[in-house]
Amino acid sequence: MVIAASEIIATQPPAAPRPGILIVTLHEGAGFSLPDQYKQVYSTHQQNSLSQGNGFGVAGSVRPGSSQQQGNVAGSYSSNARPQTSGGGFGPVPTNHGRISSKFLPYALLDFDKLQVFVNAVSGTPENPLWAGDNTQYKFDVSRVTELAVHLYLRNPNATPGSGRSQDIFLGVTRINPRFEEAHKYVEDPKLSKKDREKAAAEWQKNEKALGQAGPEWLDVQYGTGKIRIGVEYIENRTRSLKIEDFDLLKVVGKGSFGKVMQVKKKDTQRIYALKTIRKAHIISRSEVAHTLAERSVLSQINNPFIVPLKFTFQSPEKLYFVLAFVNGGELFHHLQKEQRFDINRSRFYTAELLCALECLHGFNVIYRDLKPENILLDYSGHIALCDFGLLTGLPPFYDENTNEMYRKILSEPLHFPGPEVVPPAAKDLLTKLLNRKPDQRLGANGASEIKAHPFFHSIDWRKLLQRKYEPTFKPNVVCVLGPVFLILS
């Protein structure tokens, strides 16, 4: 059952909600702590700080209405719904005139359907941070049922210069299943007895809760400690269908005979997308109408964490428009070219995620014809995203600058591998079996489960991988433009 987890997603996509907007609000956290290996991170940083002191004995600025009351020491609370914490999870945190700099406070990465937004805490302490709350809300376009993940990080004060986010400290994650229906108003039946009315009201509340989260709630932090208070609200879109005027056109990112791909910003939510335009005359002249409609149908059904999602489609008299998530961490080709070769664990991670993506496509009877590092993107978190319907050694196995010679090698040349320090025996065996020239004997001829069961992937929990619960060791270094959305690879 675990091995076939991605097949479940391929064959049983959840019912699509009505188009709308999800509004996310970050309020506050309580009881965060550093992983054991980072417990002394501030102790080693103290010599460079402006002043020293226990960060949890200093009251920072407190947002009006927060459950951290004015005058209280951060980490102690009044008798309200805020979870109680023990304090001391970070040790002495550098302060400046009694305040903790925002660079020593956690930040959150909101991840919804491959759209990612970075949100800094504004005050409080590393253990009990405060975000802007109702003063700042983040809007996401809803086109299908998917979870909201909130990843929590702390900037490493001892990170080497130029390392970007790669050395930031992971504090945990919380996952939310929002309610993609607007709230219903409960109408009491006056004919029922008091006991039956109470029973009916309780049943109604239970059914409402089962539809997903609506409003603010305290949520446990997974793979870390503490809780975080997050609000979500879904608003159905009852207006007309989309048109090109609903987007700001930012720049052209690709051109082809079919049309072009542009980076755009949706005006109402300020989210960044890739807009693929296709000239109708072109697909009609080439008899590709059926193919294009099939592409739209398949993309709209696919709900896989490692495939760039199709968000919207619309048309004008002359053009078709496909709106896809804009994945901002750069092409895998760029990172491979920069580093020449990935280590074995990083290669295994990317290969496993790619395998889940291809397995999903095969579940829809789709063959991906153009698999290459240029068509595999990394998102801001470091997960892959297959787009545009050799990882280990840096070059394809039969590569040659002479095309004819490369074809000859593909047909007849024996496979040659670097030494075991680069390609371990399990990886060599996997590649050899994947590249078997006899298709019926090739590993995977009987399905992706054959590949998943290979010893090279023995350490992979496929259900955990599919739920994106593995924290990538590499995070692309991106810089922020257009507000909180990260767009440009630095």
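Preceding block: the structure.
The structure contained in this document is the topic of the report that follows. (Residues numbered from 1 in each chain as written. Predicted model: local features only at pLDDT ≥ 70, side-chain atom pairs only at ≥ 80, totals over all residues. Heavy atoms only, no water.)

Under the definition given, this model contains 13 aromatic pairs. On the numbers, 5.7 Å between centres and 55 degrees between planes, the contact of Tyr 153 with Phe 170 is tilted. Of this pair, Tyr 153 sits in strand S7 (residues 148-154) while Phe 170 sits in strand S8 (residues 169-176), and the two are 17 residues apart along the sequence. Neither Tyr 153 nor Phe 170 differs from the other in exposure class; each is buried. Seen in terms of ring centroids, Phe 314 and Tyr 321 are 4.7 Å apart; in terms of plane orientation they differ by 15 degrees. Their pairing is stacked. A residue is classified by how much of its surface remains accessible, and Tyr 321, at 7% relative accessible area, is buried. Grouped by ring-pair contacts, the aromatic residues Tyr 107, Phe 118, Tyr 153 and Phe 170 constitute a single cluster. We note Arg 346 situated over the ring of Phe 474; from NZ or CZ to the ring centre the distance is 4.1 Å. Here the guanidinium or amino end of Arg 348 rests over the ring plane of Phe 456, the centre of that ring lying 4.6 Å away. (Phe/Tyr/Trp six-rings, centres within 6.5 Å; stacked < 30°, edge-to-face > 60°. Helix = DSSP H or I, 4+ residues; strand = E, 2+ residues; numbered from the N terminus. Buried < 20%, exposed > 50% of the residue type's maximum accessible area, 1.4 Å probe, protein only. Lys NZ or Arg CZ within 6 Å of the ring centre and 35° of its normal.)

The next point concerns the nonpolar core. Membership of the largest hydrophobic core comes to 56 residues, with the highest contact counts inside it found for Val 24, Leu 110, Trp 131, Phe 140 and Leu 152. In terms of residues, this core owes the most to one element, strand S15 (residues 319-325), which gives five residues. If near-sequence neighbours (up to four positions away) are discounted, Leu 152 is found in contact with Phe 32, Tyr 107, Ala 108, Trp 131, Ile 169, Phe 170, Leu 171, Gly 172, Val 221 and Ile 228. By size, the runner-up hydrophobic cluster in this structure holds 38 residues, among which are Phe 342, Leu 361, Phe 456 and Trp 462. (Core = buried A, V, L, I, M, F, W, Y, C linked by side-chain atoms within 4.5 Å. Contact = heavy atoms within 4.5 Å.)

Here we come to a nonpolar patch on the surface. A cluster of nonpolar residues, Ile 284, Val 289 and Leu 293, forms a patch on the protein surface that exposes about 280 Å² of accessible area. In this structure, Val 289 sits in helix H4 (residues 289-301). Overall, Val 289 belongs to the partly exposed group, its relative accessible area being 36%. (Patch = residues over 30% accessible without salt bridge, like charges linked within 9 Å, V, L, I, M, F, W, Y side chains within 5 Å. Areas by Shrake-Rupley, 256 points an atom, 1.4 Å probe, with all protein chains shown as cover. Salt bridge = Lys/Arg side-chain N within 4 Å of Asp/Glu carboxyl O.)

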